[in-house]
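Tertiary structure, described
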Amino acid sequence: MPDAEKLAAVRAALPSLGAGIQLNTGSAGPIPAEVAAAMAELEAYERDIGRATFDYYLDAVQRMDEARAGVAAVIGGDLSEIALTHATTDGMNLGTWAIDWRAGDRAVTSTHEHPAGLGPLYTLRDRLGIELAFAQLDDCDHDDAIVAAFDRAIEPGTRLVSLSHVLWSTGLVMPVARIAAIARSRGAVVLVDGAQAAGAIPVNVRDLGIDMYALPGQKWLLGPEGTGALWVSREFLPTARSTFAGHFSWSDSDSLGGYAAHPDARRFEASNYHRPSVLGLARSIGWLTMYVGLDFVYRRGMAMARQAADALAAIEGVTLLTPRDRMATLISFRSQGWAAQTALDELAARTFAIARTLPLVDALRISVGFWTSEEELERFLDGVRLLAAHTPETIPARRNLQILSV
């Protein structure tokens, strides 16, 4: 299909695009109609037929394999290396605790990490007395400076380096491979938060040279909430400590009367999973890879994000926080004279844009996807231009539509 026709077909398959300009996929993306329909069909089956038959459980096991395979295809891993989780936070917790920690051990992260990665690290520090060091990124304006900041923080004896692939605060794509090379040369395990990368930009976990990669289902993979995955490299798996070390999962191919501890990444999985959601994750990834095509997803998504960043940077009074030479599909910016929440409220009322604020850097953040149209983007940018030309006190009053009863 020519791009224009493909875009029209894609947008028709994402009904929520009609409810507003969807610019918050960094929190939750638009769900495809066929994915919602498949989940609803399975929920109706569970309601009308039930969930306890043996055959239905076997079917659920197949759907879990389908979801794992979809994740593996997107990030370049193997099926045996994928564990299903309930969120990126879930995966970051599992990955952080995959090390046999001792008091006095050392972990390294950055000053721009999401709470999903910071939470388990603070818990380790407070409960086990590990040393937690931060690579200071606030004044790092290029990759060499970022790598140098991690180089200083990753001292010999560091057990874990935990960082994001794409920073949730500024949208910067981190030089993960370079940082991972330093970490592994000093004996550290590398865990990556892929929440703003998987499904948004090309990811190959092998090329990154890391040990674990956590990702969500509901963001750029357009799946249901309460889904995600953790990739654990085959090299790290034999020594990785599972929180569910004594957990025995059922599989029709296992021995011991049907119950056995999984030797692969499935041992990181908790039981149980919402079956319609597992199906939804598998179908949403299938929709992206087989109907839309990842080439189109990455190519158009990045092109629209760069177009938005370039236009925002050209508006007088707007400060772009996202580095245009190292960006993914998140864009953070400020409008002079406007508090972030006030600006977002005004833009939402005037353009029907759905975005978010970032209290960490007092900025607005938009998520631009392959489905974003030029018309939507221009309408949003016109709203930003209006705000930039005014203050909250001088902006023209919005027109109100009054509904009169008959």
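Residues numbered from 1 in each chain as written. Predicted model: local features only at pLDDT ≥ 70, side-chain atom pairs only at ≥ 80, totals over all residues. Heavy atoms only, no water.

Let's shift gears to the overall build of the protein. Scanning the protein for helices and strands turns up 12 helices and 15 strands. C-alpha extents for the protein along the principal axes are approximately 70 × 60 × 40 Å. Looking at the 406 residues of the protein, the share that counts as buried comes to 55%. A fraction of 72% describes how many contacts in the protein between residues 6 or more apart in sequence connect residues 24 or more apart. Only carbon and sulfur atoms are counted for the fraction: they give 52% of the accessible area of the protein, which is about 17,600 Å². (Helix = DSSP H or I, 4+ residues; strand = E, 2+ residues; numbered from the N terminus. Buried < 20%, exposed > 50% of the residue type's maximum accessible area, 1.4 Å probe, protein only. Contact = heavy atoms within 4.5 Å. Areas by Shrake-Rupley, 256 points an atom, 1.4 Å probe, with all protein chains shown as cover.)

With respect to the helices and strands, the residue glutamate 81 is situated in the loop between α3 (54-75) and β2 (82-85). The buried category is assigned to glutamate 81, whose relative accessible area is 0%. Setting aside residues no more than four positions away along its own chain, glutamate 81 makes contact with Arg206, Leu230, Trp231, Val232, Ser233, Arg234 and Ala265.

For phenylalanine 352, which is not glycine, the phi torsion reads 60° and is therefore positive. Within the fold, phenylalanine 352 resides in the loop between α11 (340-351) and β13 (353-354). Note on phenylalanine 352: relative accessible area 56%, which makes it exposed. Its identity as a non-glycine residue notwithstanding, aspartate 362 has a phi of 50°, on the positive side. Relative to the elements of secondary structure, aspartate 362 occurs in the loop between β14 (356-358) and β15 (363-367). On the basis of relative accessible area, aspartate 362 is assigned to the partly exposed category, the value being 44%.

Time to look at the sheet that holds strand β11 (residues 318-320). Reading across the sheet, the 4 strands line up as β11-β12-β15-β14 and stay open at both edges, with antiparallel pairing between neighbours. Both outer strands of the open sheet, β11 and β14, are each paired with one neighbouring strand and no more. Here the strands of the sheet are splayed against their neighbours by 35° on average, with no regard to which way each runs. For strand β12 (residues 330-335) and β15, the ladder comprises 4 bridges, and the chain directions are antiparallel. Following the sheet pairing, phenylalanine 333 is matched in β15 by leucine 364. (Pairing = 2+ DSSP bridges. Axes fitted to C-alpha atoms, helices over the stretch in contact; angles between N-to-C directions.)

Turning next to the pattern of salt bridges. Oppositely charged side chains may form a pair once their charged atoms are brought near each other. Under the counting rule described, the total for this entry stands at 30 salt bridges. Arginine 299 is paired through a salt bridge with aspartate 3; the nearest N and O atoms lie 2.8 Å apart. Here the residue arginine 299 occupies a position in helix α10 (residues 294-313), and aspartate 3 occupies one in helix α1 (residues 3-12), the gap between them amounting to 296 residues. Aspartate 3 sits in the partly exposed class, given a relative accessible area of 34%. Notably, a salt bridge pairs arginine 63 with aspartate 59, separated by 2.7 Å at the nearest N-O pair. Placement of the pair is arginine 63 and aspartate 59 together in helix α3, with a separation of 4 residues, close to one helical turn. Exposure remark for aspartate 59: the relative accessible area of 28% places this residue in the partly exposed category. A single network of salt bridges, built from pairs that share partners, joins Asp78, Glu81, Arg206, Arg234 and Glu235. (Salt bridge = Lys/Arg side-chain N within 4 Å of Asp/Glu carboxyl O.)

For the rest of this paragraph, the subject is the packing of aromatic side chains. This structure, assessed with the given rule, holds 7 aromatic pairs. Centre to centre, the rings of tyrosine 122 and phenylalanine 134 are 6.5 Å apart; their planes meet at 40°, and the pair counts as tilted. Residue tyrosine 122 is located in helix α5 (residues 115-128), and its partner phenylalanine 134 is located in strand β4 (residues 131-135); the two are separated by 12 residues in the primary sequence. Using a relative accessible area of 28% as the deciding quantity, one classes phenylalanine 134 as partly exposed. Geometrically, the ring pair formed by phenylalanine 333 and phenylalanine 380 is edge-to-face, given 6.4 Å between the ring centres and 80° between the ring planes. Placement of the pair is phenylalanine 333 in strand β12 and phenylalanine 380 in helix α12 (residues 374-388), with a sequence separation of 47 residues. Neither phenylalanine 333 nor phenylalanine 380 differs from the other in exposure class; each is buried. An aromatic cluster is built from Trp220, Phe296, Phe370 and Trp371, whose rings are joined through pairwise contacts. The aromatic ring of tryptophan 101 is capped on one face by arginine 159, whose charged end is 5.8 Å from the ring centroid. (Phe/Tyr/Trp six-rings, centres within 6.5 Å; stacked < 30°, edge-to-face > 60°. Lys NZ or Arg CZ within 6 Å of the ring centre and 35° of its normal.)

On to the confidence of the model for the protein. When the pLDDT values of the protein are averaged, the result is 93; 94% of them are 70 or greater. Counted against residues more than four places away or in other chains, residues 246-260, with its pLDDT under 50, gives 23 contacts. (pLDDT = per-residue confidence, 0-100.)

Quick look at the packing of helix α4 (residues 88-96) against α5 now. Helix-helix packing is characterised by the crossing angle of the two axes and by the distance between the axes. At their nearest, the axes of α4 and α5 sit 8 Å apart, and the two run at 35° to each other. Remark: the crossing between α4 and α5 carries right-handed chirality. Between α4 and α5, the residues in contact are Thr89, Met92, Asn93 and Thr96 and Ala116, Gly117, Pro120, Leu121 and Leu124, respectively. Considered class by class, the residues forming the contact of α4 with α5 number 5 nonpolar, 4 polar and no charged. (Left-handed = near helix turned anticlockwise from the far one by under 90°. Nonpolar A, V, L, I, M, F, W, Y, C, P; charged D, E, K, R; others polar.)

We now examine the side chain of arginine 106. Of note, arginine 106 is situated in strand β3 (residues 106-110). A polar contact of 2.8 Å, which involves the side chain of arginine 106, links it to the backbone oxygen of alanine 153. Those residues within four positions of arginine 106 in sequence are excluded, and the remaining contacts are Trp101, Glu131, Ala133, Ala153, Glu155, Gly157, Thr158, Arg159 and Leu160. (Polar contact = N/O pair within 3.5 Å; in protein donor to acceptor, adjacent residues only side chain to side chain.)

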